[in-house]
Amino acid sequence: MSPRTSPAGGPVRIRRAEARDAKRLTRLVRGSGAYAGKYAAAVAGYRVGPDYIEAHRTFVAVDADEHGGRVLGFYALVLAPPELDLLFVADEAQGRGIGRLLVAHMRSEARAAGLDRVKVVSHRPAEGFYHRAGAVRTGTALANPPAVPWDRPEFEFRIPPA
């Protein structure tokens with residue numbers, strides 16, 4: 001994919017994740033400020049492995065200006081059943097439009113795969129982001145202790161045909 005410019009920053013390129021990205025993606029998840037405090041346990045042992053990257057449509061947003069492409073964020077699209085399983089933007093890159101670029105890319109990938117909707121089980125602090133990005137609230141995923149001891153909002157991105 002050719003570089004795009006985020007609204008508040010330099011050029012950003014979205015590319016397919018590779019097995020060698022696994023450690024960086026894991027660090028991004030575990031280091032997310034959105035999972036601080038009472039939410040920290042949800043990602044403490046979380047791992048994005050090479051097998052996960054290969055099994056799902058996983059894409060990374062990288063800073064096109066830096067050598068090697070610093071990872072700014074990523075998402076993983078599961079096709080069956082259709083779900084946006086992961087979407088993370090590095091804390092220092094938030095507010096630059098990276099999340100919106102990733103959502104737009106995800107919608108394009110979903111359309112190309114023939115999907116008409118994509119479910120999202122959101123983290124509470126990300127609820128406003130998904131709403132602003134065009135997702136529609138569809139319900140609530142109930143707590144599943146001990147892994148997730150709180151209810152989570154469910155959303156859906158509707159994917160119009162091309």
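Fair warning: this is a prediction, and the values are worked out from it, not measured in the lab. (Residues numbered from 1 in each chain as written. Predicted model: local features only at pLDDT ≥ 70, side-chain atom pairs only at ≥ 80, totals over all residues. Heavy atoms only, no water.)

Some points on the layout of surface pockets
For the record, the criterion: Using a grid of 1 Å spacing that covers the protein atoms alone, one calls a set of points a cavity when a 1.4 Å probe fits there but cannot get out, and a pocket when the set is open and has protein on both sides within 12 Å along at least five of seven lines; lining residues are those with an atom within 4 Å of a point. Grid points are joined across faces, edges and corners, and a volume is the space filled by probe spheres set on the points. Only DSSP runs of H or I reaching four residues or more are called helices, and only runs of E reaching two or more are called strands; each is numbered from the N terminus. Note on residue classes: Ala, Val, Leu, Ile, Met, Phe, Trp, Tyr, Cys and Pro are nonpolar, Asp, Glu, Lys and Arg are charged, and everything else, Gly too, is polar.
If you add up the space inside the largest pocket, you get close to 930 Å³. Forming the walls of the largest pocket are 36 residues, and the residues nearest its centre are Tyr35, Leu87, His123, Ala126 and Tyr130. Those elements that place two or more of their residues in the lining of the largest pocket are strand E5 (83-89), helix H3 (98-112), strand E6 (117-121) and helix H4 (127-132). Of the residues in the lining of the largest pocket, the class split is 22 nonpolar, 8 polar and 6 charged.

Side note on unusual backbone geometry
Working note: non-glycine residues mostly have negative phi, and peptide bonds are mostly trans. In this structure, Pro81 follows Ala80 across a cis peptide bond, with omega equal to -10°. Within the element layout of this structure, Pro81 appears in the loop between strand E4 (71-78) and E5. The peptide bond linking Pro145 to Pro146 adopts the cis configuration, its omega dihedral lying at 5°. Following the sequence through the fold, Pro146 ends up in the loop between strand E7 (136-141) and strand E8 (152-158).

Observations regarding the environment of Ala112
With respect to the element layout, Ala112 can be found in helix H3. For the pair formed by Ala112 and Arg57, sequence separation is 55 residues and the distance between their alpha carbons is 12 Å.

Here we look at the environment of Glu154
Selection rule: When a residue's accessible area, from a 1.4 Å probe over protein chains only, is under 20% of the maximum for its type it is buried; when over 50% it is exposed; and in between it is partly exposed. Residue contacts follow a heavy-atom distance rule, with two residues in contact if any of their heavy atoms lie within 4.5 Å.
Looking at the secondary structure, you find Glu154 in strand E8. Accessibility expressed as a relative area gives 18% for Glu154, which makes it buried. Counting along the chain gives 55 residues from Glu154 to Gly99, while the straight-line C-alpha distance between them is 18 Å. Sequence-distant contacts of Glu154, defined by excluding residues within four places in its chain, comprise Lys119, Val120, Val121, Val136, Arg137, Thr138, Gly139, Thr140 and Ala141.

What about the nonpolar core?
What counts here: For our purposes a nonpolar core is just a set of buried Ala, Val, Leu, Ile, Met, Phe, Trp, Tyr and Cys residues, chained together by side-chain atoms within 4.5 Å.
Judged by nonpolar contacts, the single largest core of 47 residues is most densely connected at Phe74, Leu84, Val118 and Phe157. In contact with Phe74, not counting residues within four places along its chain, are Leu25, Leu28, Val29, Val48, Thr58, Phe59, Val60, Leu86, Leu87, Phe88 and Leu102.

Geometry only, nothing functional implied.
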